[in-house]
Amino acid sequence: QVIGLLDSTKPFDEAKVRELDLVVEALYSGNPQKVGGILQAVEANSILETVQADPNFWVQCDSVLRFSQNWNSKFLCLMAVEENVKTKWAILGKEQ
């Protein structure tokens, strides 16, 4: 169900943000029974690493901040924005 989340060619819309929220919930819920056990948590971690590795993930965080219902998803995006501001601010073009 998270196929769209891994497609970096598509922007974050409400559906993609819901997928992100589900993956983040699977990783951070603190209740393995709730999310299907440790294997699902490992898978969720792998998916999040893939999403975060996308060099344009941080640019789409405005949609995550707008549509997400999960504070951990929002925090994940804010961390991505902060990291990119620290490392790329001086070299960003005006459109970014």
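Quick summary incoming for the structure in this document. (Residues numbered from 1 in each chain as written. Predicted model: local features only at pLDDT ≥ 70, side-chain atom pairs only at ≥ 80, totals over all residues. Heavy atoms only, no water.)

### Describing helix α5 (residues 71–88)
With 18 residues, α5 extends 25 Å from end C-alpha to end C-alpha; this agrees with the ideal 26 Å at 1.5 Å per step. When we look at burial in α5, the residues that qualify are Ser-73, Lys-74, Leu-76, Cys-77, Ala-80 and Asn-84. For α5, the buried positions fall inside an angular range of 155° around the axis, keeping them on one side. Counted as exposed and oriented over 90 degrees from the buried face of α5: Trp-71, Phe-75 and Lys-86. (Helix = DSSP H or I, 4+ residues; strand = E, 2+ residues; numbered from the N terminus. Expected span 1.5 Å × (residues − 1). Buried < 20%, exposed > 50% of the residue type's maximum accessible area, 1.4 Å probe, protein only. Arc of directions from axis to C-beta.)

### Comments concerning the packing of aromatic side chains
As enumerated under the stated definition, the model contains one aromatic pair in all. Its guanidinium or amino end placed over the ring of Phe-12, Lys-16 lies 4.6 Å from that ring's centre, counting from NZ or CZ. The side chain of Lys-74 reaches across the aromatic face of Trp-71, ending 4.7 Å from its centre. (Phe/Tyr/Trp six-rings, centres within 6.5 Å; stacked < 30°, edge-to-face > 60°. Lys NZ or Arg CZ within 6 Å of the ring centre and 35° of its normal.)

### Quick word on helix α1 (residues 14–28)
Side chains three or four residues apart in an α-helix point the same way, a direct result of the helix having 3.6 residues per turn. The end-to-end C-alpha separation of α1 is 21 Å, in line with the 21 Å expected for 15 residues at 1.5 Å each. Along α1, the residues classified as buried are Lys-16, Val-17, Glu-19, Leu-20, Asp-21, Val-23, Val-24 and Ala-26.

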